[in-house]
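Summary of the model geometry
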Amino acid sequence: MRKLTQSELERHLWGAADILRGTVDAGDYKQYIFGLLFFKRLCDVWDEEFETLLAETGDQMEAADPDEHRFHVPSEHRWDAVRQQSTQIGQRLNNALAAIEDANLRLRGVFGDVDFANQDRFSDALLEKLLGHFEKYRLRNADVPADMLGDAYLYLIKMFAEGAGKKGGEFYTPRQIVRLMVEIIDPRPGMSVYDPTCGSAGMLLETVQYLKDRGEDARSLSLYGQEKNFATWGIAEINLFLHDVDDAFIAKGDTILSPKRYDPKAREFVEGIGAYDRVLANPPFSEKVWGYEVWQNGDPFGRDDYGCPPKGYGDLAFVQHMLASLKDGGMLAVVVPHGVLFRGGAEGRIREAMLVADVIEAVVGLAPNLFYGAGIPAALLICRKKKPVERRGKVLVVNGDATYRPGKAQNFLTETHVKALADAVHGFADIDKLARVVPVNEIAANAYNLNISRYVQTGADAEAVDVAAEVAKLQDLIAKRNDAETVMFSHLRRLGYVE
């Protein structure tokens, strides 16, 4: 069977989504495509392992022994067995996915609530077409290496995120931003890395890729994460599996209300806060329901060292969780909305406490419209519990609002942009129109306001604004709106809808 190129594989997988389009809601069909892709991959790799073992031993029973395989796929539930059926295909698929989860502890729950048995949604004819599409190509390791299939899976996640708009941001962070964060925290072999809102596990996988790119032992990393959305947790587990990453532990559940750490002795997750060398995350922006009712009486896990965030903005709860999860010599990078840098009230008090404690090492402002469904500009907060001596009492402010390439629907960072911003953080020095080392005393004199443009102006000179002319335009627009409103109400009165 002919081997696929990366782009051919991606087009092939996206073609499966086309078959479902119009039958399944756009927000839902990713879980079905991911489920079938993973099922096909498991079956093909199992067959590959079986043939290799059979060639080595000549013993059918030994080659089929589950203990000889990385995972087990019961014979009556393999791809070929499902394909022998022409009716009730959806139910047979459901049975196969459930059997695989039952047979493999690590894969429990990865298929989520995928249900192919609804014949109003998935007729036998539709599933026949979908399965026929998937089996055009074998997905064995010899045909499609783990990295290649994993990258194609990331491509699918990206495509689904683009289609999902704002919701897509919940499970996918653009790869260039992830790469920038990883470049900044610079994970080293043997380190533990943790993402408390890990989505599809893209940030953890990028740390693996970062070490591979440097020719270092990526398998020496220990990866940990937590994800609140169960369907997204399944995507993360499949993503890690397809990238052939075994040493990763992703907990389910709410990071703020029920944080979990992996207990290696018990070989399970327990409630509590871990300690990691590197922590990185893109938490939900300005979460409204984040756990204020609990934290206002004191966080049971002791993470509120710098204060309780306001009810309507949970950003600094996630930041404090990440700080609590950091080893003394560790480093974290977190995506935050700009409001975190200058809002007053409870957030202002927390920011002041963090600056006084000298845990904020750098702030990196990012260009607008880099995230799916979030046109507002965001920033990276870089923190350490113990900053290097030469950086103490200072914060590096990097203004990247002019560092991007415009896109048709969304802006993006190139490799050059990523390198420029990461080098600026590592250099920790003044760079004209990009970065400035600001003493904490100066920030304190500005009421602990970390608004980036206050400290660094970019090269893009702002166009002079004629305030009087703009006010005149505004007044003209208000007058037109009032006139239109008057006409509308006159019609409504005439029709008897208002008095």
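When its secondary structure is counted, the protein shows 18 helices and 11 strands. With the principal axes as the frame, the protein shows a C-alpha extent of 85 × 75 × 45 Å. By the burial criterion, 50% of the 499 residues in the protein qualify as buried. The contacts in the protein between residues at least 6 apart in sequence include a share of 73% that link residues at least 24 apart.

Relative to the 16 Å expected for 12 residues at 1.5 Å per residue, helix α9 (residues 202-213) spans 16 Å between its end C-alpha atoms, a close match to the ideal helical length. Taken together, the buried positions of α9 are occupied by M203, L204, L205, E206, T207, V208, Y210 and L211. Residues of α9 that are buried in the fold lie against α8 (175-185), β1 (192-195), β2 (222-227), α10 (230-242), β3 (248-252) and β6 (276-281). Once α9 ends, the next one or two residues include G215, with phi positive near 75°.

For the rest of this paragraph, the subject is unusual backbone geometry. In the Ramachandran plot, K433 falls in the positive-phi region, its phi being about 60° despite a non-glycine side chain. Along the polypeptide, K433 turns up in the loop between α15 (415-427) and β11 (435-439). The phi torsion at A447 lies on the positive side, around 60°, for a residue other than glycine. Inspection of the secondary structure assignment puts A447 in the loop between α16 (440-445) and α17 (452-455). You can call A447 exposed: its relative accessible area is 61%.

Criteria and cut-off values
- Residues numbered from 1 in each chain as written.
- Predicted model: local features only at pLDDT ≥ 70, side-chain atom pairs only at ≥ 80, totals over all residues.
- Heavy atoms only, no water.
- Helix = DSSP H or I, 4+ residues; strand = E, 2+ residues; numbered from the N terminus.
- Buried < 20%, exposed > 50% of the residue type's maximum accessible area, 1.4 Å probe, protein only.
- Contact = heavy atoms within 4.5 Å.
- Expected span 1.5 Å × (residues − 1).

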